[in-house]
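Chain residues, written in single-letter form:
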Amino acid sequence: MNIAVLGGAGYIASHTIVELDKAGHSVVAVDNLVNSCEESLRRVSKIIGKEVPFVRADVRDAVAMESLFKQNKFDACIHFAGLKAVGESVEKPLEYYENNMNATFVLLNAMRNNGVKNIIFSSSATVYGNPAEIPITENCPKGAITNPYGQTKSMLEQVLMDLQKSDPEWNVVLLRYFNPIGAHPSGLIGEDPNGIPNNLMPYISQTAVGIRKELGVFGNDYDTPDGTGVRDYIHVCDLAAGHVSALKAIERNCGLAIYNLGTGHGYSVLDVVNAFERVNGVKVPYSIKPRRAGDIATCYCNPEKAYKELGWKAQFGIEEMCRDAWNWQKNNPKGYRG
Ligand code: NAD
Ligand code: UFG
């Protein structure tokens, strides 16, 4: 298929382009580079041995989107474009609602105007709030969401569901990602956060490389085996491959389909720190800090549905995730700018 990858220079999208290419699909990457740089796509080109067509554009720009769809004959879109920092979204709600909602409205209009009715949307486990059941299945009701970022994901899921209901020619796949970490095993592409990382794995790897003094572990009094938060970490290459599998659902005209993409295993913060130290032979100094507002104790999924319907399941374990995160970090201590 020929695929428009919106937000194509970002962390998950860059890995997804590698997997799409491997599976024989062609892509056009579109990004305004608000949270990424073109170097990621140059690195992808190195991995796949060919140029990645790139259009620098804001997805909110209706004129640019109309011309993108006029100039290319797309079979489907994978929509990664959005702002994603939970804490920042609490401080800048308008910016988050405006960017994430409007980008999607403009994209969907351009798709409809040009007869492209297949979309894969990057959603998040955050839509489950504090989940009503563990492991989380896709039938688990959505929960109370405590931040504007998560609200945009939940609201956009609803927009896409309503659109699909109004016109059954649409195929809409909502992928609810759990916690993507790690990097391509080549060490050429990986996660390159701006400033102080919000997420656990980049904080661990920046601490191990000496950029940060110590990791703060946010709470050790949760109702979990060691008191620290438990999450379903998934290797970003597995997550990327999940998008290729999701195209199969589109090929058989799935209508609306929702999948959890996770491994089904929960690891605590200290499990991840210990695995990182063991696998990579490095130290990660840490100290226990107060709980972070909005965090929940435990979040991991039941990934059976994606396996049954798409034949997808995660191949990599926590060791590979830690190995590849470190390989990326030590080869690119300053990320793409280094
Ligand atoms: P990322 O920031 O690396 O990628 C998002 C990309 O979208 C960036 O390259 C950014 O420049 C681009 N972008 C943002 N707004 C844009 C706009 N208006 N026009 C054009 N480009 C725009 O983030 P990521 O971690 O790769 O996440 C990709 C998607 O997956 C996001 O939608 C995110 O919310 C979602 N998601 C991420 C996680 C996670 O833990 N990383 C978890 C669940 C869901
Ligand atoms: N943590 C620390 N110290 C840190 C960073 C994180 O102890 O410096 C802990 C958190 O308290 C949590 C765990 O590590 O227990 C994971 O935290 P992350 O910030 O890496 O991930 P979250 O589960 O909080 O959030 C991620 C994405 C969200 C997404 C959510 C849903 O950042 O965008 O997963 O799955 F919505």
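Residues numbered from 1 in each chain as written. Chains lettered and ligands numbered in written order. Predicted model: local features only at pLDDT ≥ 70, side-chain atom pairs only at ≥ 80, totals over all residues. Heavy atoms only, no water.

1. Here we look at unusual backbone geometry
In this structure, P135 follows I134 across a cis peptide bond, with omega equal to -5°. For L33, which is not a glycine, the phi torsion comes out positive at approximately 65°. Secondary-structure assignment places L33 in the loop between strand 2 (26-31) and helix 2 (39-48). Among the residues examined, L33 registers a relative accessible area of 15% and is labelled buried. The residue N253 is not glycine, and still its phi comes out positive at about 50°. (Helix = DSSP H or I, 4+ residues; strand = E, 2+ residues; numbered from the N terminus. Buried < 20%, exposed > 50% of the residue type's maximum accessible area, 1.4 Å probe, protein only.)

2. Things to note about the environment of L310
Tracing the chain through its elements places L310 in helix 10 (residues 304-310). Along the backbone, L310 and E251 are 59 residues apart, and their C-alpha atoms lie at a distance of 11 Å. Excluding residues that lie within four positions of it along the chain, L310 makes contacts with S245, A246, K248, A249, R252, Y259 and K305. (Contact = heavy atoms within 4.5 Å.)

3. Concerning the packing of helix 1 (residues 11-22) against helix 2
At a minimum axis distance of 10 Å, the contact between helix 1 and helix 2 shows a crossing angle of 25°. Viewed along their axes, helix 1 and helix 2 adopt a mutual orientation that is roughly parallel. Taken as a pair, helix 1 and helix 2 cross one another with a handedness that is right-handed. Facing helix 1, whose interface residues are S14, I17, V18 and D21, helix 2 presents L41, V44, I47 and I48. Considering only residue class, the contact of helix 1 with helix 2 consists of six nonpolar, one polar and one charged. (Axes fitted to C-alpha atoms, helices over the stretch in contact; angles between N-to-C directions. Parallel < 35°, antiparallel > 145°, perpendicular 65-115°, else oblique. Left-handed = near helix turned anticlockwise from the far one by under 90°. Nonpolar A, V, L, I, M, F, W, Y, C, P; charged D, E, K, R; others polar.)

4. Overview of the site of ligand 2
As a structural note, the neighbourhood of ligand 2 is formed by 20 residues, with N199, G216, R231, R292 and D295 the closest of them. Within the backbone of F218, a nitrogen or oxygen atom sits 2.9 Å from an oxygen atom of ligand 2. D295 is positioned with one of its side-chain polar atoms (N or O) 2.6 Å from an oxygen atom of ligand 2. Within the complex, the protein chains bury 89% of what would otherwise be the 680 Å² of accessible surface of ligand 2. At four residues, the largest contribution of residues to the shell around ligand 2 is made by strand 8 (residues 215-218). (Near = heavy atom within 4 Å. Polar contact = N/O pair within 3.5 Å; in protein donor to acceptor, adjacent residues only side chain to side chain. Areas by Shrake-Rupley, 256 points an atom, 1.4 Å probe, with all protein chains shown as cover.)

5. A few points about the pattern of salt bridges
For side chains bearing opposite charge, pairing can occur when the charged atoms are close. Counted under the stated rule, the structure contains 20 salt bridges. Because the salt bridges share partners, they merge into one network encompassing E39, R42 and R43. (Salt bridge = Lys/Arg side-chain N within 4 Å of Asp/Glu carboxyl O.)

6. Some thoughts on the sheet that holds strand 3 (residues 54-56)
Strand order in the open sheet formed by seven strands is 3-2-1-4-5-6-11, and the pairing between neighbours is parallel. Every other strand in the sheet has two partners, leaving strand 3 and strand 11 (256-261) as the edge strands with one partner each. Taken pair by pair, the neighbouring strands of this sheet meet at an average axis angle of 20°, ignoring direction. Two elements, strand 6 (residues 171-177) and strand 11, share six bridges in a ladder whose sense is parallel. Pairing of V173 across the sheet is with A257, part of strand 11. (Pairing = 2+ DSSP bridges.)

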